[in-house]
Amino acid sequence: MVDEGLIQPGTAAYRRACLALVVASLVVFANLYAIHPLLPLLAQHFEVTTLQAGNAFTITSLTLGLSLLLHGPLSDAFGRKGPLLLGVAAAGLLSLAMAFTDSFSVLLALRAALGVALGVLPAVAVAYLGDSMSRAALVGAVGLYIGGNTLGGSGGRLLGGFIADHFGLQAVFITLGVGSLVGLLVVASLLPSPPGFRAQRFSLNGSARGLAAHLRNSRLLPAFLLGGLNFMIFLNLYTFLAFRLSEAPWLLGSGALGLLFLTYLAGTLSASLSGRVPVQRLLRGMASGLLLLCFGTLMLLSDHLLVMLLGLLLNASGFFLTHSLTNTWVNRQAESGKASASSLYSVFYYLGAALGLYYLDIFWRLGQWPYVIVASLAVLSFNLLIVAYLGRLQCRTAGPD
């Protein structure tokens with residue numbers, strides 16, 4: 001990749017671009033995840049089952065993932081910055097609309113539309129960085145962006161739980177809506193246009209061929225699976241842990257459950273530090289993150305809250321390290337259509353989040369929490385095999401890491 005004209009690390013343009021994407025991450029992932037600790041409250045408020053309440057969270061991940069099939073090719077054709085701003089604006093307006101509905105069905109519909117709006121960021125962010133950053137700046141910038149994801153996710157959950165406990169559900173959605181529109185102004189003023197962007201002609205057939213080419217790439221498809229299966233377990237362990245800890249003997253409320261997501265801050269640190277991993281050691285770093293995630297998941301078998309918190313810290317550190325490095329791997333291995341490749345990764349990622357609720361719910365109903373842990377470790381073990389496969393493939397082809 002020729003670095004001439006691209007943003008270099010340590011420059012004002014680098015700081016502006018990274019800060020803008022971090023702010024966008026805060027907005028997008030706060031909107032996505034703020035209701036996560038509120039699921040027991042939603043089940044009680046709307047008089048629905050645990051699985052139905054979970055759908056209010058899961059449906060957003062589902063529509064977000066599916067929307068990426070269109071967002072990525074459109075971004076390759078029409079740009080990065082404009083679609084991102086439109087998505088953030090729509091998210092703010094949809095969250096405000098949620099504040100004024102008393103129908104669970106309408107809430108589900110708005111959350112489904114929200115997923116489509118939020119899908120713009122994961123579709124364009126890493127591709128934007130690939131079009132903007134020099135080789136020396138890219139890994140660090142991706143790590144900062146993923147760090148912003150963790151801050152948005154943990155901050156949104158913490159804020160949602162606190163506001164719901166003290167001011168009610170309506171106040172949660174009003175805060176999200178107003179905060180999103182303020183974030184829109186910040187991103188619009190800071191984000192530079194990507195200097196390396198070259199528009200590609202948009203056509204449905206061409207987009208389908210591009211996506212098919214990525215799926216045939218033996219270095220990309222396993223990475224897509226890795227991202228989806230990893231997120232499937234990491235995210236939904238929090239979901240079922242929230243239901244577990246809302247029951248006796250813990251009886252935690254929404255605010256206390258929101259505090260659990262402060263453990264995401266360990267992921268903020270590991271994602272930011274991922275920029276120090278040399279590109280030649282991406283796979284080794286991904287495997288290290290997976291092992292941390294396995295150990296943290298085992299610790300969640302404990303009945304002691306402190307041990308569970310330590311397990312969540314390990315989980316967040318390992319998951320976001322692997323996630324950040326896998327994003328970088330996908331961007332480097334995509335031969336063309338980087339936004340389409342990033343979008344496909346995110347499709348698998350968010351579909352994994354949606355399907356994980358139903359996968360783990362089977363084991364939750366069969367044997368409660370211990371069965372959930374066993375089912376999670378089975379998937380994580382398979383993920384280690386995926387990384388090993390990529391390592392063998394790399395050795396055979398002697399290509400770049």
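Before reading on, note that the structure itself is shown above.
Residues numbered from 1 in each chain as written. Predicted model: local features only at pLDDT ≥ 70, side-chain atom pairs only at ≥ 80, totals over all residues. Heavy atoms only, no water.

**Description of the overall build of the chain**
Part 1: Of the regular secondary structure elements, the chain holds 15 helices and 0 strands.
Part 2: In terms of overall size, the chain behaves like a compact globule, its C-alpha atoms giving a radius of gyration of 20 Å where 401 residues would be expected to give roughly 21 Å.
Part 3: Principal-axis analysis of the C-alpha atoms gives the chain an extent of 60 × 45 × 40 Å.
Part 4: Approximately 15400 Å² of the chain is accessible, and the part contributed by carbon and sulfur atoms is 68%.
Part 5: If you average the places of the 21 positive and of the 12 negative side-chain charges in the chain, the two averages end up 13 Å apart. (Helix = DSSP H or I, 4+ residues; strand = E, 2+ residues; numbered from the N terminus. Rg over C-alpha atoms; globule rule 2.2 N^0.38 Å. Areas by Shrake-Rupley, 256 points an atom, 1.4 Å probe, with all protein chains shown as cover. Lys, Arg positive; Asp, Glu negative; His and termini not counted. Charge placed at Lys NZ, Arg CZ, Asp CG, Glu CD.)

**Side note on the environment of threonine 50**
Part 1: Structurally, threonine 50 can be placed in helix 3 (residues 50-78).
Part 2: The exposure class assigned to threonine 50 is partly exposed, which follows from its relative accessible area of 36%.
Part 3: Counting along the chain gives 304 residues from threonine 50 to alanine 354, while the straight-line C-alpha distance between them is 15 Å. (Buried < 20%, exposed > 50% of the residue type's maximum accessible area, 1.4 Å probe, protein only.)

**Notes on a nonpolar patch on the surface**
Part 1: A surface patch of nonpolar side chains, about 380 Å² in accessible area, is lined by Leu26, Leu151, Leu259, Leu262 and Leu265.
Part 2: Among the secondary structure elements, leucine 151 is positioned in helix 7 (residues 135-167). (Patch = residues over 30% accessible without salt bridge, like charges linked within 9 Å, V, L, I, M, F, W, Y side chains within 5 Å. Salt bridge = Lys/Arg side-chain N within 4 Å of Asp/Glu carboxyl O.)

**Focus on the pattern of salt bridges**
When their charged atoms lie close together, side chains carrying opposite charge are able to pair.
Part 1: Evaluation of the coordinates by the stated rule reveals 3 salt bridges.
Part 2: Of the charged contacts, one joins arginine 80 and aspartate 131 as a salt bridge, the two residues approaching to 2.6 Å between their closest N and O atoms. With arginine 80 in the loop between helix 3 and helix 4 (81-98) and aspartate 131 in helix 6 (residues 120-132), the pair connects residues that are 51 residues apart, well separated along the chain. Neither residue differs from the other here; arginine 80 and aspartate 131 are each classed as buried.

**A closer look at the packing of aromatic side chains**
Part 1: This model, assessed by the stated rule, comprises 17 aromatic pairs.
Part 2: Considering the side-chain rings of phenylalanine 46 and phenylalanine 104, the 5.3 Å spacing of their centres and the 50 degrees angle between planes classify their relative orientation as tilted. Taken as a pair, phenylalanine 46 in the loop between helix 2 (39-45) and helix 3 and phenylalanine 104 in helix 5 (residues 104-118) lie far apart in primary sequence, 58 residues in all.
Part 3: A residue is classified by how much of its surface remains accessible, and phenylalanine 46, at 17% relative accessible area, is buried.
Part 4: Look at phenylalanine 234 and phenylalanine 320: their rings are 5.5 Å apart centre to centre, the planes differ by 85 degrees, and that puts the pair in the edge-to-face class. In this pair, phenylalanine 234 sits in helix 10 (residues 221-245) while phenylalanine 320 sits in helix 14 (residues 305-333), placing the two residues 86 residues apart along the sequence.
Part 5: Residue phenylalanine 234 is classed as buried on the basis of its relative accessible area, which comes to 1%.
Part 6: The exposure class of phenylalanine 320 is buried, given its relative accessible area of 4%.
Part 7: Clustering of aromatic rings is evident, with ring pairs tying together Phe231, Phe234, Tyr238, Phe261, Phe319, Phe320, Tyr345, Tyr349 and Tyr350.
Part 8: Stacked on the ring of tyrosine 33, the Lys or Arg arginine 157 has its end atom at 4.1 Å from the ring centre. (Phe/Tyr/Trp six-rings, centres within 6.5 Å; stacked < 30°, edge-to-face > 60°. Lys NZ or Arg CZ within 6 Å of the ring centre and 35° of its normal.)

**As for helix 8 (residues 169-190)**
Part 1: Taking 1.5 Å of rise per residue, the 22 residues of helix 8 would be expected to cover 32 Å, and the 32 Å separating its terminal C-alpha atoms lies within 8% of that figure.
Part 2: Residues of helix 8 that are buried in the fold lie against helix 1 (12-33), helix 2, helix 4, helix 5 and helix 7. (Expected span 1.5 Å × (residues − 1). Contact = heavy atoms within 4.5 Å.)

**Some words on the side chain of asparagine 331**
Part 1: Structurally, the position occupied by asparagine 331 is in helix 14.
Part 2: Excluding residues that lie within four positions of it along the chain, asparagine 331 makes contacts with Val126, Ala127, Gly130, Leu138 and Lys338.

**Here's the deal with the environment of alanine 89**
Part 1: Along the chain, alanine 89 falls in helix 4.
Part 2: For the pair alanine 89 and leucine 185, spaced 96 residues apart in the sequence, the C-alpha separation amounts to 9.4 Å.
Part 3: The residues contacting alanine 89, other than those within four sequence positions of it, are Leu181 and Leu184.

**Some details on the side chain of asparagine 383**
Part 1: Tracing the backbone through its elements, the reader meets asparagine 383 in helix 15 (residues 338-397).
Part 2: In terms of polar contacts, asparagine 383 uses its side chain to reach the side chain of asparagine 230, at 2.9 Å. (Polar contact = N/O pair within 3.5 Å; in protein donor to acceptor, adjacent residues only side chain to side chain.)

**Some remarks on the packing of helix 6 against helix 7**
Part 1: Closest axis-to-axis distance for the helix 6/helix 7 pair is 9 Å, and the angle between their directions is 155 degrees. Put simply, helix 6 runs roughly antiparallel to helix 7. Read as a crossing pair, helix 6 and helix 7 show a hand that is right-handed. Of the residues in helix 7, those in contact with Leu121, Pro122, Ala125, Val126, Leu129 and Gly130 of helix 6 are Leu138, Ala141, Val142 and Tyr145.
Part 2: Residues that form the contact of helix 6 with helix 7 fall into these classes: 9 nonpolar, 1 polar and no charged. (Axes fitted to C-alpha atoms, helices over the stretch in contact; angles between N-to-C directions. Parallel < 35°, antiparallel > 145°, perpendicular 65-115°, else oblique. Left-handed = near helix turned anticlockwise from the far one by under 90°. Nonpolar A, V, L, I, M, F, W, Y, C, P; charged D, E, K, R; others polar.)

**Side note on unusual backbone geometry**
Part 1: Omega for the peptide link from alanine 248 to proline 249 comes to 5 degrees, which places this bond in the cis form.
Part 2: By the secondary structure assignment, proline 249 is in the loop between helix 10 and helix 11 (254-260).
Part 3: Positive phi, close to 55 degrees, is recorded for glutamate 47, a residue that is not glycine.
Part 4: Relative to the helices and strands, glutamate 47 resides in the loop between helix 2 and helix 3.
Part 5: By relative accessible area, which is 74% here, glutamate 47 ends up exposed.
Part 6: The backbone of glutamine 368 shows a phi angle near 60 degrees, a positive value even though the residue is not glycine.
Part 7: Structurally, glutamine 368 is set in helix 15.
Part 8: Residue classification places glutamine 368 among the partly exposed positions, given a relative accessible area of 38%.

**Overview of helix 12 (residues 264-273)**
It helps to recall that an α-helix has 3.6 residues per turn; residues three or four apart then point in one direction.
Part 1: Those residues of helix 12 lying buried are Tyr264, Ala266, Gly267, Thr268, Ser270 and Ala271.
Part 2: Along its buried surface, helix 12 packs onto helix 7, helix 10 and helix 14.

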